[in-house]
Amino acid sequence: MPSTIQILFLLFIINANYSFSAAATNRVENNETSHGKNQYSLVHIGVVLDLDSSMGSMADLCINMALSDFYSEHSNYRTRLQLHTKNAESLLDTNIAVLELLKHEEVHGILGPQSPTEDKFVAELGGKVHVPVISFTAKSSTLPYAQNRYFVRTTLDDAYQAQALAAICQGYEWPEVVILYEDTDYGYQFLSHLNKAFQEVEIGIAYMSAISISSEDIQILKEFNMLLEKQTRVFLVHMNSSLGSRLFVLAKKAGMMTEGYAWIITDYLSNFLNSMDFVARDSIEGVLGVRPYVSWSEKIDSFQERWKRNMVLKKSAGSIRELNVYGLWVYDTVWSLAIAAEKIGPVYSSLLYVNTSNNETDKTNLKISLFGPKLLSELSHTKFRGLSGDFQLINGQLKPSAFEIFNIIGSGERTVGFWTPDRGISRELSSTGEPTYSTSTKNLKNVMWPGDSVMRPKGWAIPSTRKLRVGVPLKHGFKEFVNVKIDRATNHTNPTGFSIDIFLATLQWLPFPINYEFCHYSKEINWSYDDMLHNIPQTFDMVVGDTTIWAPRANYVDFTLPYSEPGVILVVKNEKPLDMWIFIKPLRWDLWLAIILSCIMMGIVLRLLEHRVQNTNEESVRPHKERLRMIYWSPIAVLAFPERNMVANSWSIFVLVFWLFMAFILMQSYTANLSAILTVDQLKFAFSEDYYVGYQEGSFMKEFLEKQLHIHESRLKNYSSVEDYHDAMSRGSKRGGIDAIFDEIPYMKIFLKKYDSQYKMVGPTYRTDGFGFAFPFGSPLTAYFSRAILAVTQGSNMTSIEQTNFGPGYSSQDPLSSTVSQQTSSLTFYDFGGLFIIVGSVTMFALFCSETSVGRKFTALTAQYSQVFFCFISSKFHSTQDDKVENHETIQDAAATYSEGRDANIFEVPLRRGEEEICESGQNNGSASAEDREVELTTINEGRNS
């Protein structure tokens, strides 16, 4: 807010300069009176310009021509704009001029000031006295419209131009740009718009160079030499024509207007290209420019011709030789003021101002305008087609329209396309169809770039003044990845190893050659990969090595895609808990006890089933007593000698079938569990205060173990090589060593390859992203090397590279050995409880049917009714009615025989009388074989059928 002292000081100067103002005031009143006779109502408008500048001279002529043209075309209007023009060369002059206009001229609106930025003092003063301040040059405002309603801008907002520039860079796929801007308030304001627009499309700003208007050529050349050291080759220039002309002449001198470079200029320079001399115009050939689009018409041609004649007659100062968009904007602004004043209509002079009771305002003798709010309201609703296009104010600024994208070729310009807020980039302006936003530069016409090149610049390049500095780590262990040798005579770095081979292989896949040199990084104490990465880009342009892609590191460098296996694992000693009683461990004690008891019980059951059955086996020569003793061993012997016939009772066979089923399951389970015990590690590694963990020196593992696995620092020890790891693990924590190693999979595969049988990987795999190359933030090389790494790692040479550095048989594609500790436990009785229930139930059922009278009767009845059923079925196909009767009698005889208690097996019930005879003869003659009985039975059946 302007202070009272500042306003009083300015008023003191004004009063000193206006001691003679009474006469001037009388002349104005007389002029109003004369106009009053012609029934014209005057609306006083103040104009603040730097009339000695080319811009001010052009604007002043356009204002006068606009006023003359408007009232010539609308001679019947009852209002007339009365302009009061003040010359102001500096900011102080501007503030004094505005105060003079408000105090002595009592203007209702102020056109100006000429500055491209908002004059806060003038804008706030206009808000105090309710007088609109209308700028035709300011393109941004520091205050929102709601807080600064009396500051009106009849220009396009710079935020839209920044969006157009961002869309162009996005369309040409330039990852980052360098901004060269004028070191003024306007330059900083425009820079804020660029930052926001580029962030939205994810385009980086590699460098921002502020160049002062007073900078000498040697200073600008020094800045260019510094920019040549960078990779970015896209430059965006935002400065006035005077400074811009010098800049491009020096850029051409520095060799920066050649093939591979891209230059873009904003409308701050592109609107004044006609004011540049021949040398400057020749220097900007191939530059791409952006400026507000003006549709040329006959009306504009006519106005431009008249403007040129008036400029010659006026003998105006300045270097502007052609009319530009600022002249059209100020022309349309005067027309909008005249239209708004006419809409309000004539107003009596006594109703134009009112005194205020505000003490601060009373001291300044400034009055509040009653006409100003009306003028602002009508101005905000004014719409018409002007010289610059459609005139319409939205929130105190001109409605956004199209930007023209043009290419400077020779001494001329060629329009290559347009950008609009709703359609983006397009070749031609079109109002038909559904608006779809596009950032594709394929919609543009062909562009001639610097160096007469028609190829689109990549936007970056390896600096030609030096080689690409490739950093490699100089360390003592795991040299399979990077092994640095230094030539002491020349101090030349010669690295080898897996990471270096990957880097060299990727160079073959890049679409451009790279001139590079290796630079080693070493440090006597506290060496770490993080420190090495922090030297990007000061010391290294990129880092090649076994550098892990880790989230905290991504905060200060960019990584390529990984070229190695990802993950962190735990390695421990391979101590298998084997002993002489290992064969007992597959089954728990309760299951062993259940099996032993089952064998005993099964022997007893078989003894009961076999005690009344005579031995009919010809091969058996043992006495009956000895055979009964062997029954106790039959549950085991039947497994060892399945071919021997050890039982005669059919119920015994029935029981043994289920016993064999259970025994088979137990044997298979025992074999599987014993195999697991003999082949899978049973060691359960758990962290405690007694365990010490090793990690690789200089890696990120220390921070990883402390923060993510919460292992105390006192239990961590660092080592640098495979041999150091092995020595520490061999000694153990009790002798100053370690109990486990935490490291990445590629390192541990080398460790295990060398000490295969002594160590193993256990536990889960912790997520990391493997090894990658590191680049500075936003480096375009990152994407190219990532694509090249994909081509190498998925190509046929990857295995060859691995085996060259790690030895034959190595491949990252091979699956890891078991990394999870198997917790195989002994099998219990409960696990097979169902099996024992089934076998026990069958055994008890066999005892019940064989050794109890109820069971035997139940068996006989079951056999009887079963035979009835089968005989009934067979009679349908093979027997006559007489056969049915005979069969029925036979069945009754068989049932009678069983009811008398004859010993017979349920599977040997005679079905025919002839069969009964054979069965009886078989019992009487123990020497008759089962085969003979079967033959005789077959003969009888064949005779019966015949």
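For clarity, every value in this text was computed on a predicted model and none was experimentally measured.

Following the sequence through the fold, R291 ends up in strand β10 (residues 288-292). Residues within four places of R291 in sequence aside, it is in contact with D267, S270, N271, F403, E404, F406 and E413.

Attention now moves to the sheet that holds strand β28 (residues 740-744). With mixed pairing, five strands are arranged side by side in an open sheet as β27-β26-β28-β25-β29. Each of the sheet's edge strands pairs with one partner strand only, and the pair in question is β27 (716-719) and β29 (759-766). Across the sheet, the mean angle separating the axes of adjacent strands is 30° when strand polarity is ignored. Pairing between strand β25 (residues 568-573) and β28: five bridges, direction antiparallel. Pairing of V572 across the sheet is with A740, part of β28. Against the sheet, helix α24 (residues 745-754) contacts β25, β26 (693-696), β28 and β29, and its axis sits at roughly 125° relative to β28.

With that settled, consider the packing of helix α13 (residues 325-344) against helix α15 (residues 371-380). At a minimum axis separation of 9 Å, α13 and α15 run at an interaxial angle of 115°. As α13 packs across α15, the resulting crossing turns out to be right-handed. In contact with S336, L337, A340, A341, K343 and I344 of α13, α15 contributes F371, K374, L375, E378 and L379. Its residues placed into classes, the contact of α13 with α15 shows seven nonpolar, one polar and three charged.

On average, residues of the protein score 80 in pLDDT, and 76% of them reach the 70 mark or higher. When mean pLDDT is compared element by element in the protein, strand β9 (residues 262-265) scores highest at 97, while helix α2 (residues 21-37) scores lowest at 39. Predicted confidence is poor over residues 817-824, with pLDDT under 50, and the contacts of this stretch with residues over four places away or in other chains come to 19 contacts.

The eight strands are arranged β7-β6-β8-β9-β10-β16-β17-β18 in an open sheet whose pairing can be described as mixed. A strand with exactly one partner marks an edge of an open sheet, and here the two such strands are β7 (204-211) and β18 (424-426). Taking the axes of each pair of neighbouring strands and ignoring which way they run, one obtains an average angle of 25° across the sheet. Pairing analysis gives four bridges linking strand β6 (residues 176-182) to strand β8 (residues 234-238), with the strands arranged parallel. What sits directly across from Y181, in β8, is H238.

Put simply, helix α6 (residues 158-171) and helix α7 (residues 185-200) touch, their axes get as near as 8 Å, and they point 50° apart. Our classification of the angle between α6 and α7 gives oblique. Viewed along their axes, α6 and α7 form a crossing whose handedness is right-handed. For the pair α6 and α7, contact is made by D158, A159, Q161, A162, Q163, L165, A166 and C169 and by Y186, F190, H193, L194, A197 and F198, respectively. Of the residues belonging to the contact of α6 with α7, the class tally is 10 nonpolar, three polar and one charged.

With that out of the way, let us pick up the pattern of salt bridges. According to the stated counting rule, one finds 22 salt bridges in the structure shown. Between E100 and K86 there is a salt bridge whose closest N-O contact spans 3.8 Å. With a gap of 14 residues between them, E100 in helix α4 (residues 91-105) and K86 in strand β2 (residues 79-87) connect regions that are remote in the sequence. By relative accessible area, which is 10% here, E100 ends up buried. Notably, a salt bridge pairs D217 with R246, separated by 3.1 Å at the nearest N-O pair. Of this pair, D217 sits in helix α8 (residues 217-228) while R246 sits in helix α9 (residues 241-253), placing them 29 residues apart in sequence. D217 gets classed as partly exposed once you look at its relative accessible area, which sits at 38%. When salt bridges with common partners are traced through the structure, they connect R281, R291, E404 and E413 into a single cluster.

Right, let's get into a nonpolar patch on the surface. A contiguous nonpolar surface patch, about 800 Å² in accessible area, is contributed by W589, L593, I596, L597, I600, M601, I604 and L608. Summarising the element assignment, L608 is placed in helix α18 (residues 589-610).

Right, let's talk about the pairing of strand β21 (residues 492-496) for a bit. Residue alternation in β21 divides its side chains into a buried set, T493 and P495, and an unburied set, H492, N494 and T496. Inspection of the sheet shows strand β20 (residues 483-487) paired to β21 by five bridges, in the antiparallel sense. From the neighbouring strand, K485 faces β21, where its bridge partner is N494. Linkage of β20 to β21, two consecutive antiparallel strands, is achieved through a turn of four residues, within which N491 is found at a positive phi near 60°.

A separate point is the packing of aromatic side chains. Scanning the model with the defined rule gives 53 aromatic pairs in all. A centroid spacing of 6.1 Å and a plane angle of 55° characterise the contact between F403 and W419, whose relative ring orientation is tilted. Of this pair, F403 sits in strand β16 (residues 403-409) while W419 sits in strand β17 (residues 412-420); the two residues are 16 residues apart in sequence, bridging distant segments of the chain. Neither residue differs from the other here; F403 and W419 are each classed as buried. Centre to centre, the rings of F775 and F785 are 5.4 Å apart; their planes meet at 40°, and the pair counts as tilted.

All right, on to α4 then. With 15 residues, α4 should reach 21 Å at 1.5 Å per residue; the first-to-last C-alpha distance of 20 Å fits that figure. When you tally the buried positions in α4, you get 11 out of 15 residues, the bulk of the element. Along α4, the residues that are buried comprise T94, N95, I96, A97, V98, L99, E100, L101, L102, K103 and E105. Following α4 by one or two positions, E106 has its phi on the positive side, about 50°.

In this structure, L81, F198 and L288 are the most contacted members of the largest nonpolar core, which totals 84 residues. Per element, the largest residue contribution to this core is 13 residues, and it comes from α13. Every residue in contact with F198, bar those within four places of it in the chain, is listed here: L165, A166, C169, V177, I179, I203, I205 and L236. By size, the runner-up hydrophobic cluster in this structure holds 66 residues, among which are I462, I514, I750 and A774.

What follows deals with α13. Between its terminal C-alpha atoms α13 stretches 29 Å, which fits the 28 Å expected from 20 residues at 1.5 Å a residue. Burial of α13 is extensive: 18 of the 20 residues sit out of reach of the surface. Backbone nitrogen of Y326 and a side-chain oxygen of the N-cap are separated by 3.0 Å at the start of α13; the cap is N324. Looking at the residues trailing α13, positive phi occurs at G345, about 90°.

For the rest of this paragraph, the subject is the pairing of strand β1 (residues 41-49). The buried fraction of β1 is high, at nine of nine residues. Bridge analysis of β1 against β2 gives nine bridges, and the strand direction is parallel. Residue S41 lies in a different strand from β2, and its bridge partner there is T79. Crossover handedness for the path β1 to helix α3 (residues 54-73) to β2: right-handed. Alignment of β1 against strand β3 (residues 109-111), held across three bridges, turns out to be parallel. Following the sheet pairing, I45 is matched in β3 by G109.

Here we come to unusual backbone geometry. Cis peptide bonds are those with omega within 30 degrees of zero, and the linkage from G112 to P113 qualifies with -5°. Positionally, P113 belongs in the loop between β3 and α5 (120-129). The residue after I536, namely P537, is reached through a cis peptide bond having omega 0°. Tracing the sequence through the fold places P537 in the loop between α17 (529-533) and β23 (542-543). Unusually for a residue other than glycine, E173 sits at a positive phi of about 60°. Within the secondary structure, E173 is located in the loop between α6 and β6. A relative accessible area of 60% places E173 in the exposed class. At E202, a residue that is not glycine, the phi angle is positive and equals roughly 60°. As for its position among the elements, E202 is in the loop between α7 and β7.

Conventions adopted
- Residues numbered from 1 in each chain as written.
- Predicted model: local features only at pLDDT ≥ 70, side-chain atom pairs only at ≥ 80, totals over all residues.
- Heavy atoms only, no water.
- Helix = DSSP H or I, 4+ residues; strand = E, 2+ residues; numbered from the N terminus.
- Contact = heavy atoms within 4.5 Å.
- Pairing = 2+ DSSP bridges.
- Axes fitted to C-alpha atoms, helices over the stretch in contact; angles between N-to-C directions.
- Left-handed = near helix turned anticlockwise from the far one by under 90°.
- Nonpolar A, V, L, I, M, F, W, Y, C, P; charged D, E, K, R; others polar.
- pLDDT = per-residue confidence, 0-100.
- Parallel < 35°, antiparallel > 145°, perpendicular 65-115°, else oblique.
- Salt bridge = Lys/Arg side-chain N within 4 Å of Asp/Glu carboxyl O.
- Buried < 20%, exposed > 50% of the residue type's maximum accessible area, 1.4 Å probe, protein only.
- Patch = residues over 30% accessible without salt bridge, like charges linked within 9 Å, V, L, I, M, F, W, Y side chains within 5 Å.
- Areas by Shrake-Rupley, 256 points an atom, 1.4 Å probe, with all protein chains shown as cover.
- Phe/Tyr/Trp six-rings, centres within 6.5 Å; stacked < 30°, edge-to-face > 60°.
- Expected span 1.5 Å × (residues − 1).
- Core = buried A, V, L, I, M, F, W, Y, C linked by side-chain atoms within 4.5 Å.
- Polar contact = N/O pair within 3.5 Å; in protein donor to acceptor, adjacent residues only side chain to side chain.
- Right-handed = clockwise from strand over helix to strand, strands pointing away.

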